[in-house]
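Residues per chain, in single letters:
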Amino acid sequence: EYTYNLMSAALEESDLMLFIVNARGEIIYVNTMIEVYLGYAQDEILGKNVFEIMELNEGAPFIHSLSDLTLRQGIYTFRKKNGELSYVNLKILPISRSEKSMDFLFLGRDITFERDLLESLENIREYDSLTGLYTLYGLTKRCEEFLHRSTHFFMLVDLDLYNFSSINDFLGVKKGDALLKLVAERLKELFEKEAFLARVSSDEFLLLFADLSDYLELDEKVTKLAGAFSIPFEVDGDKITLKYNLGISVYPKDGKDLEELYRRANSALSFAKKEGPNVFKFYNPELGAQIKKNLNIERLLEEALEKGYFQFYFQPYFNASDLTLAGAEALIRIVKPEGEVISPAYFIEHLERSPLREIFERWAVKQITEYVNKWKISIGLNLYAETYTNETFWEWVDNFLAQLTAPLVLEITERAFLKNPSKTLEIIQKLKVKYPKVKLAVDDLGTGYSNFEYLANLPIDLVKIDLSLVKVIDRDEKKRKVVKTIIDLAHMLSTKALAEGVENYEIANILDIMGCDYLQGFYFDKPLPAPEFEKKYIIG
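Quick caveat: nothing in here was measured; it's all calculated off a predicted structure.

Novice: Where do I start with the overall build of the chain in this structure?
Specialist: What the chain contains, in helices and strands, is 21 helices and 23 strands. Here the chain holds 540 residues, and 47% of them are scored as buried. Summed over its atoms, the accessible surface of the chain is roughly 27,800 Å², and 52% of this surface lies on carbon and sulfur atoms.

Novice: Looking at this model, I keep getting lost on the packing of aromatic side chains. Mind explaining?
Specialist: Taken as a whole, this structure holds 28 aromatic pairs when the rule is applied. Ring geometry for Phe-310 versus Phe-347: centroids 6.0 Å apart, planes at 70 degrees, classification edge-to-face. Separated by 37 residues along the polypeptide, Phe-310 in strand 14 (residues 310-319) and Phe-347 in helix 11 (residues 344-353) bring together distant segments of the chain. Here Phe-310 falls in the buried class, since its relative accessible area comes to 6%.

Novice: Looking at this model, I keep getting lost on the sheet that holds strand 13 (residues 279-282). Mind explaining?
Specialist: Sheet strands associate in pairs through backbone hydrogen bonding, adopting either a parallel or an antiparallel arrangement. With mixed pairing, the five strands of this open sheet are ordered in space as 8-9-7-12-13. In the strand order of this sheet, the two ends are held by strand 8 (195-201) and strand 13, each with one partner. When the angles between neighbouring strand axes are averaged without regard to direction, this sheet yields 20 degrees. Relative to strand 12 (residues 244-251), helix 9 (residues 258-274) is tilted by about 145 degrees, and along the sheet it contacts strand 7 (153-161), strand 8, strand 9 (204-212), strand 12 and strand 13.

Novice: When you look at the packing of helix 19 (residues 477-492) against helix 20 (residues 505-514) in this model, what are you seeing that I'm missing?
Specialist: Any two packed helices are characterised by how steeply their axes cross, that is the angle between the axes, and by the distance between the axes. Where helix 19 meets helix 20, the closest approach of the two axes is 10 Å, and the angle between their N-to-C directions is 45 degrees. Relative to helix 20, helix 19 is oriented oblique. Here helix 19 and helix 20 pass one another in a crossing that is right-handed. Two secondary-structure elements touch here, helix 19 through Arg-480, Val-483, Lys-484 and Ile-487 and helix 20 through Ile-510, Leu-511 and Met-514.

Novice: Explain the nonpolar core to me, please; I cannot follow it from the model alone.
Specialist: For soluble globular proteins, nonpolar side chains are generally found buried alongside one another. The biggest cluster of nonpolar side chains holds 75 residues, and the ones touching the most others in it are Phe-314, Ile-368, Trp-394 and Leu-511. No other element matches helix 12 (residues 357-375), which puts seven residues into this core. Residues contacting Trp-394, with those up to four places away along its chain left out, are Leu-383, Thr-387, Tyr-388, Leu-401, Leu-410, Ile-427, Leu-431 and Tyr-435.

Novice: Which parts of the structure should I look at to understand the side chain of Gln-315?
Specialist: For Gln-315, the location among the structural elements is in strand 14. According to the relative accessible area criterion, Gln-315 is buried, its value standing at 9%. Ignoring any residue separated from it by four or fewer positions in sequence, one finds Gln-315 in contact with Gly-327, Ala-328, Glu-329, Leu-331, Gln-520, Gly-521, Phe-522, Asp-525, Lys-526 and Pro-527.

Novice: Sorry if this is basic, but what is going on with helix 9 here?
Specialist: Two residues of an α-helix separated by three or four positions point the same way, owing to the 3.6 residues in each turn. If you check helix 9, its first and last C-alpha atoms are 24 Å apart, about what 17 residues at 1.5 Å a residue would give, namely 24 Å. Every buried residue belonging to helix 9 is among Leu-258, Glu-260, Leu-261, Tyr-262, Ala-265, Ala-268, Leu-269 and Ala-272, and all of these are buried. For helix 9, the N-terminal cap is Asp-257; the gap from its side-chain oxygen to the backbone nitrogen of Glu-259 is 3.3 Å. With its phi angle positive at about 105 degrees, Gly-276 sits one or two positions after the end of helix 9.

Novice: What exactly am I supposed to notice about the confidence of the model for the chain here?
Specialist: Parts of the model with low pLDDT should not have their predicted coordinates read in detail. The pLDDT averaged across the chain works out to 83; a share of 85% of its residues lies at or above 70. Taking the mean pLDDT of every element in the chain, the minimum, 54, falls on helix 1 (residues 2-13) and the maximum, 97, on strand 22 (residues 518-519).

Novice: Please explain the pattern of salt bridges as it appears in this structure.
Specialist: Oppositely charged side chains are able to pair whenever their charged atoms sit close together. Tallied over the full model, the rule gives 28 salt bridges. With a shortest N-O distance of 3.1 Å, Glu-426 and Lys-430 are connected by a salt bridge. With Glu-426 and Lys-430 both in helix 16 (residues 421-434) and four residues apart, this pair spans about one turn of that helix. For Glu-426, a relative accessible area of 34% translates into the label partly exposed. Here the residues in one salt-bridge network are Glu-329, Glu-411, Lys-464 and Glu-500, joined through shared partners.

Novice: What should I look at first to understand the environment of Leu-410 in this one?
Specialist: You can see Leu-410 is positioned in strand 18 (residues 408-413). Along the sequence, Leu-410 and Gly-380 sit 30 residues apart, while their C-alpha atoms lie 5.8 Å from each other.

Novice: What exactly am I supposed to notice about the pairing of strand 8 here?
Specialist: Each regular strand shows side chains that alternate between the opposite faces of the sheet. Alignment of strand 8 against strand 9, held across six bridges, turns out to be antiparallel. Bridging across to strand 9, Leu-197 finds its partner in Leu-207. In this structure, the hairpin formed by strand 8 and strand 9 is closed by a connection of two residues.

Novice: For this particular structure, what's the right way to read helix 21 (residues 530-539)?
Specialist: Regarding helix 21, the residues found buried are Ala-530, Phe-533, Glu-534 and Tyr-537. The arc that holds every buried residue of helix 21, seen down its axis, measures 110 degrees, which confines them to one face. Away from its buried face, by an angle of more than 90 degrees, helix 21 presents the exposed residues Pro-531, Lys-535 and Ile-539. Where helix 21 is buried, its residues meet strand 14, strand 15 (325-335), helix 12 and strand 23 (528-529).

Novice: Would you explain the environment of Gly-515 in this entry?
Specialist: Position of Gly-515 among the secondary structure elements: in the loop between helix 20 and strand 22. Given the relative accessible area of 27%, Gly-515 is considered partly exposed. Expressed as a C-alpha distance, the spacing of Gly-515 and Ile-487, which sit 28 residues apart in the sequence, is 7.2 Å. Here Gly-515 is in contact with Ile-487 and His-491, once residues within four sequence places are set aside.

Novice: So what exactly am I meant to see when it comes to the packing of helix 12 against helix 21 here?
Specialist: Contact geometry of helix 12 with helix 21 gives a least axis separation of 12 Å together with a crossing angle of 20 degrees. Relative to helix 21, helix 12 is oriented roughly parallel. Crossing hand, helix 12 versus helix 21: right-handed. Counting all contacts with helix 12, which are made through Tyr-371, Lys-374 and Trp-375, the residues of helix 21 involved are Ala-530, Phe-533, Glu-534 and Ile-538. For the contact of helix 12 with helix 21, the per-class residue count stands at five nonpolar, no polar and two charged.

Calculation criteria
Residues numbered from 1 in each chain as written. Predicted model: local features only at pLDDT ≥ 70, side-chain atom pairs only at ≥ 80, totals over all residues. Heavy atoms only, no water. Helix = DSSP H or I, 4+ residues; strand = E, 2+ residues; numbered from the N terminus. Buried < 20%, exposed > 50% of the residue type's maximum accessible area, 1.4 Å probe, protein only. Areas by Shrake-Rupley, 256 points an atom, 1.4 Å probe, with all protein chains shown as cover. Phe/Tyr/Trp six-rings, centres within 6.5 Å; stacked < 30°, edge-to-face > 60°. Pairing = 2+ DSSP bridges. Axes fitted to C-alpha atoms, helices over the stretch in contact; angles between N-to-C directions. Contact = heavy atoms within 4.5 Å. Parallel < 35°, antiparallel > 145°, perpendicular 65-115°, else oblique. Left-handed = near helix turned anticlockwise from the far one by under 90°. Core = buried A, V, L, I, M, F, W, Y, C linked by side-chain atoms within 4.5 Å. Expected span 1.5 Å × (residues − 1). Polar contact = N/O pair within 3.5 Å; in protein donor to acceptor, adjacent residues only side chain to side chain. pLDDT = per-residue confidence, 0-100. Salt bridge = Lys/Arg side-chain N within 4 Å of Asp/Glu carboxyl O. Arc of directions from axis to C-beta. Nonpolar A, V, L, I, M, F, W, Y, C, P; charged D, E, K, R; others polar.

Structure, rendered in structure tokens:
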């Protein structure tokens, strides 16, 4: 009896939760720790079925019924009286009362605090406390699984803030940390939906761009990232322009896992740092050279917009019947202060993909409407295909179009209809109704996949025949017939036809005989800067 009393006292005073369950799963004994662990008084828990308070916990041996209760140990989840979860490291021991009857002793220790602490420590390992971005460990943990499953490209960018230690010394640690947080916020704002972001050291960040479909997207991301640092950061009233270096590696070409990609991106970063600020290097030099060229073009476009290097040249076109001036086509150039003229062939395709495109086109419409109103002649302006469905753009240029005193001919290619033909048609029809001086020309007809359904419905004023067809009609009978067909089609649609690429008298004569309305080409004149065009055709 002494031994029994001693054991009973020990069990009651133990800091372990202890209860006994009979063969029907009913709790027939609990010690006082049940209230500490689960919030139940002893008399509230007695008689309950043990499975009412135990829950499935991933990683622990799950008990479906009492028949599963042999010797088991693991971490199990219990539901407290107040509804919260408690994690218990539990040992279950069978106790035989007789050959036909068996009870089960449950011995457990609450590890909820330790588990929460481990989760907090794991969270600290995975996330940078200053910026909230991933750490290198966190980035690795998130990315390794899907990296091996992907059939697309991945690009890892190792971003280092150039000479940041000097900035930190100048600003002080507090402002330096505030600046790092601003960098992280800008990266999140620009890339959170398309990249995994990490801060891996005091001034080093990683950006993992996932599932890119082609190498062209690599160029777009690098350009966008470089542009992120063209805008100053403001800390306590101080505007600070940060410089950077980038090292870049690409999966699967440069590595099969994140560790290898990081090692190679970091190697490329080392070379970038040696060349000074705002330099990036690809681990693969060939790919880097192409993207470096594209980044240089983007910088050229920024500079041209900022410093006014964009200039329009004007190529005249003439009435075929009497060779009097009928109008002009506006052709963009970049003209450097020292006189260097950069052809659109160098930058025009890049401009189409650039975020600067809409700024440029707004400027272009403003410029050309001013020339139209000044010279009182018809001038053609070619806009990008996607612009025609951008309603915000048309709202912005509304004032310029409403004040036209002579025709502005907006040129549209067949490609403009490929993505959203009905929307494009709807907007063009509205423009024609709202602005009487706005005319529409279909450019390069015969070089694409002509959709005659939409062509028939378009309120067009001019059909332009591409120079690739025109310049050979003096020696290529098939193309001569194609050009004649286009001229006849234009007239059937009650519009005019303009032939580009007229290079000699014979071609001009053939087109006149065919009934072409307007002629344009080097046979008559090359594109001229505005002052020269004005002197030759407006004043003269």
